[in-house]
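Structural overview
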Amino acid sequence: MPGLKRAQRRSVLIGTAVATAALLGTLTGAPAGAATAEGSSSLRETARPLSVSARAQLLSAATENSSRTARQLRLGGKEKLVATDVLQDRDGTTHTRYERTYDGLPVLGGDLVVHTAPGGTLESVTKATDAAIQVASTSAQLAPATAQHAAVASASAQAHGEGTTARPVAGKPRKVVWAATGRPTLAWETVVTGTQKDGTPSELHVVTDAATGAELYRYQGIHTGVGESQYSGRVTIGTTRQADGTYSLIDSERGGHRTYNQNRTTIPGPGTLFTDADDEWGDGTVNDDQTAAVDAQYGVGLTWDFYKNEFGRAGIRNDGVGSYSRVHYSRGYANAFWDDGCFCMTYGDGFSTGYGPFTEIDITAHEMTHGVTAATAGLVYSAESGGLNEATSDILGTAVEFAADNPVDVGDYLLGEKVDMLEPGRPIRYMDKPSKDGTSADSWYDGVGKLNVHYSSGIANHFFYLLSEGSGAKTVNGIDYDSPTSDGSTLTGIGRDKAAHVWYRALTTYMTSNTDYHAAREATLRAAEDLYGADSTERAAVDATWAAVNVTAADSGTPGDDN
C-alpha cells in the first residue's frame, strides 16, 4: 500500500480532538505549532537515505581512492586515510569521514571529513586538528608495561579520590600518535576498566608519552553524564566530551543518539545541540531548558536498552544507528511525535505554564516505538491498523517504563500520567479500562476502525493489560486497577514480560501494513506458539484474552457489538 506510507510519516501521542477540545474546551483551533508539525524537515529535504549496499559501495570507493584523497589534502607521505562513514545529500554531495594513520599507527585526534561535490570534486575538509602529523621516531623509549603500570596507578588514584573501591584492570597498551592536543606525540594508550562511584562501568583511556612517561591525557570512554530530570529524579544520561572540554548530548553507546533544542520554534531541522560545561545537566524544573533534554535523552536510552536486552534489537532500524530528539518544539504545543522523514522524535512543552513537557519515560518510549513499527510491520496510520500502530507504542512504551524500574516514575498501565495534560495526575490513556478516558474502546465492535487511532488503540491496550495481569481488581506498584472483560470471563495473566515478547514477535514477524484486529489475533497466536508451544498455557491465554475484548476468529462467526 505505497500510497498510504506517506500518510503515516508523523505519529503523534494524542489526537487533535484531545489536544483542542478535551484539554481546554475553549480553544477554537490547534495550538501553535500543531499544524506545522506536518511540515518537512531539512534533513528530509537534503539527506538521501542509503541502503546498506549503497553505503557499502560508497565506503568501498572511498577506500579505493583514499591515497588520491590524501594527496589532494596534501598529507604527509607516511599518512594514510581509513574511511569509516559516509553520508550523501539528495543532490549528490558526499561527506566521507576518515580516521588517519601515521606510519601504520592510529592517529588519535586526526580524524577528518571530506566534502565532495556531486561530480566528485573536492569542496572542503573538516579536520579535528590542523597540526601537521609528524613525529621524530615511532620507536618508543618507554616500555609498554611501564605505561600500563602508570595507567593503573592513575586510574587507582582517581578511583580512590572518588571513594570507589573497585580495583581497576588495564588492557594491553597500544602505540599511537596523540594529536588531539597540541603537537603530535608518540604515545601509549591504555584502557583501564573498572566501576565508577555510582556503579556505572568505567573505561578510562590513559595516554602516556612514549618518551618521557608523562601522562598526556585521560578520558572516560563511558559517557553517561548526570542530570536532574523533571519526571525521573537524578539520572545518568549518555553524553560525549568534545575536544574543547565541553560536553554534548550525544550518546555514543546508543548509536550516537542526540538531543537538540528547538527553542520553541517550528523551524525545520534539528535545532541546536545541547552542550554543557561540566556534564551536570538541568535542575529538575521547567526553568532550565536542559531539564526536558535530560528526560528525553534518558527515556531514549532506556528504550534503546530495552529493545537490545529484551529482543536483541540494535536501535530503531536494527542497524545500530541512533536517531535524534528535539525538545521545546513550538509554543503551546501539547503533544509529542515521531517523524519517519527526519527519523526523529519531537516533544512540546504543553499548552501553558503548569503543563509539563511531553518527555516522561513512557512518552519517549512511545515515540521511539513508532519508529520500530515503521521499520517492521509498517502499520498504516488509519483505521484498525492505525489503532494497532498506536497501541504498539503504548504497549512497548509501558514495558519500557516497567523495565526502567525508576522509583520516581514507577511502572504503570497509565500513559502520560505525569505531564498533567488534562488535569493534575490524570493520565492521557488507561490500559486496564481504556473507556475511562471518555472516548477509547474497551472491546472490538463493527465500525471501531472509524474512531481516531488514539481511541481505537484501546482494544489492543486492554488486551495487553489483561494478558499481562488478568481481569478484576488488583494493585500493581501501588496503583489500583479493575479490568473488565466483554464476555464476563475471568482471566489470569501470563506476566508482562511474556506479553511484551508475544506482541513484539507478532509485530516484527507476522503483522503487515494493513493488519486489523482479527489479523492481529492470528499474529499473536502464531507468535505465542513460536515462543511457548502450540499447547502452551501462554497460547491459550492469548486466545482467551482476545475473546475477552470481543475479537474472535474470522471463521467463528461475526463479532458483535461490545455490550
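First, a word on scope: everything that follows refers to the structure included in this document. Position numbers for residues count from 1 along each chain, tracking the sequence in the order it is written. Two thresholds apply to this predicted model, a pLDDT of at least 70 for residue-level local features and 80 or more for giving and counting side-chain atom pairs, whereas whole-chain, interface and lining totals are computed over all residues. With hydrogens and water stripped out, all remaining heavy atoms of the structure feed into the side-chain values.

**Topic: the overall build of the protein**
Helices and strands together make up the secondary structure of the protein, namely 14 helices and 27 strands. Here the protein holds 563 residues, and the buried ones make up 51% of them. Every residue pair with non-hydrogen atoms within 4.5 Å of one another is taken to be in contact. Contacts in the protein between residues at least 24 apart in sequence constitute 60% of all its contacts with a sequence separation of at least 6. The helix and strand labels rest on DSSP assignments: H or I over at least four residues marks a helix, E over at least two residues marks a strand, and numbering proceeds from the N terminus. Residue exposure (1.4 Å probe, protein chains only): buried if accessible area is under 20% of the type maximum, exposed if over 50%, otherwise partly exposed.

**Examining the state of the cysteines**
Any two cysteine sulfur atoms lying within 2.5 Å of each other are counted as a disulfide. Considering all chains together, one arrives at 1 disulfide under this definition. The residue that forms a disulfide with Cys342 is Cys344, at a sulfur-sulfur distance of 2.0 Å. The S-S bond linking Cys342 to Cys344 shows a torsion near -60 degrees; that makes this disulfide left-handed. With a relative accessible area of 4%, Cys342 lands in the buried category.

**Some details on the side chain of Asp412**
Looking at the element boundaries, Asp412 is found in the loop between α9 (383–404) and β24 (414–415). Charged-residue counts in this description rest on Lys and Arg as positive and Asp and Glu as negative, His and the chain ends being excluded. By definition here, a salt bridge exists when the distance from a side-chain nitrogen of Lys or Arg to a carboxyl oxygen of Asp or Glu is within 4 Å. Of the side chains with opposite charge, Lys418 lies nearest to the buried Asp412, which makes no salt bridge, at 7.4 Å. Within 3.5 Å is the distance limit for a polar contact, defined as a pair of N or O atoms, with the added protein rule that one can donate a hydrogen and the other accept it, and that residues adjacent in sequence qualify only through two side-chain atoms. At a separation of 3.0 Å, a polar atom in the side chain of Asp412 contacts the main-chain amide nitrogen of Leu414.

**Looking at the environment of Gly533**
Structurally, the position occupied by Gly533 is in the loop between α13 (517–532) and α14 (537–548). Looking at Gly533, the relative accessible area reads 23%, which means it is partly exposed.

**Structural notes on the packing of helix α7 (residues 289–311) against helix α12 (residues 496–510)**
Where helices are involved, their axes are fitted lines through C-alpha atoms of the stretch in contact, as for all axes, and angles between N-to-C directions lie from 0 to 180°. It is at 12 Å that the axes of α7 and α12 come closest, and there the two elements cross at 90 degrees. In terms of orientation, α7 and α12 fall into the roughly perpendicular class. In this structure, α7 contributes Tyr307, Glu310 and Phe311 to the contact, and α12 contributes Ala500, His501 and Tyr504. Residues are grouped as follows: nonpolar covers Ala, Val, Leu, Ile, Met, Phe, Trp, Tyr, Cys and Pro; charged covers Asp, Glu, Lys and Arg; every other residue, Gly included, is treated as polar. Within the contact of α7 with α12, the residues separate by chemical class into 4 nonpolar, 1 polar and 1 charged. Here the word oblique covers every angle except those under 35 degrees (roughly parallel), over 145 (roughly antiparallel) and from 65 to 115 (roughly perpendicular).

**Notes on the pairing of strand β5 (residues 112–116)**
In terms of burial, β5 is a largely internal element, 5 of the 5 residues being buried. Here β5 shows a buried face lined by Leu112, Val114 and Thr116 and a second buried face lined by Val113 and His115. Here a strand pair is declared whenever DSSP counts at least two bridges between the two strands. Pairing of strand β3 (residues 94–102) with β5 involves 5 bridges; the strand directions are antiparallel. The partner of Arg97 across the bridge, within β5, is Val113. Strand direction decides the pairing type here: β5 and strand β6 (residues 122–127), joined by 5 bridges, are antiparallel. Considered in β6, the bridge of Val114 is made with Val125.

**Focus: the pattern of salt bridges**
For the coordinates displayed, the defined rule picks out 16 salt bridges. Between Asp251 and Arg254 there is a salt bridge, and its shortest N-O distance comes to 2.9 Å. Among the ionic pairs, Arg254 bridges to Asp305, the shortest N-O distance being 2.8 Å. Taken together, the positions of Arg254 in the loop between β16 (250–251) and β17 (257–265) and Asp305 in helix α7 put the pair 51 residues apart, joining distant regions of the chain. Salt bridges here are not isolated pairs; linked through shared partners, they connect Asp251, Arg254 and Asp305.

**Quick word on the pairing of strand β22 (residues 336–339)**
Looking down a regular strand, the side chains alternate between one sheet face and the other. By the alternation rule, side chains of β22 split into Ala336 and Trp338 and Phe337 and Asp339, which are all buried. Relative to strand β23 (residues 344–347), β22 is paired through 4 bridges, and the arrangement is antiparallel. Looking at β23, one finds that Ala336 is bridged to Tyr347. Hairpin connection between β22 and β23: a loop of 4 residues separates the two successive antiparallel strands, and Phe343 in this loop has a positive phi of roughly 55 degrees.

**Section: helix α8 (residues 361–375)**
In a regular helix each residue adds 1.5 Å, so 15 residues correspond to 21 Å; α8 covers 21 Å between its end C-alpha atoms and thus fits that length. Most of α8 is tucked away, with 13 of its 15 residues classed as buried. To estimate how far a helix should reach, multiply one less than its number of residues by 1.5 Å.

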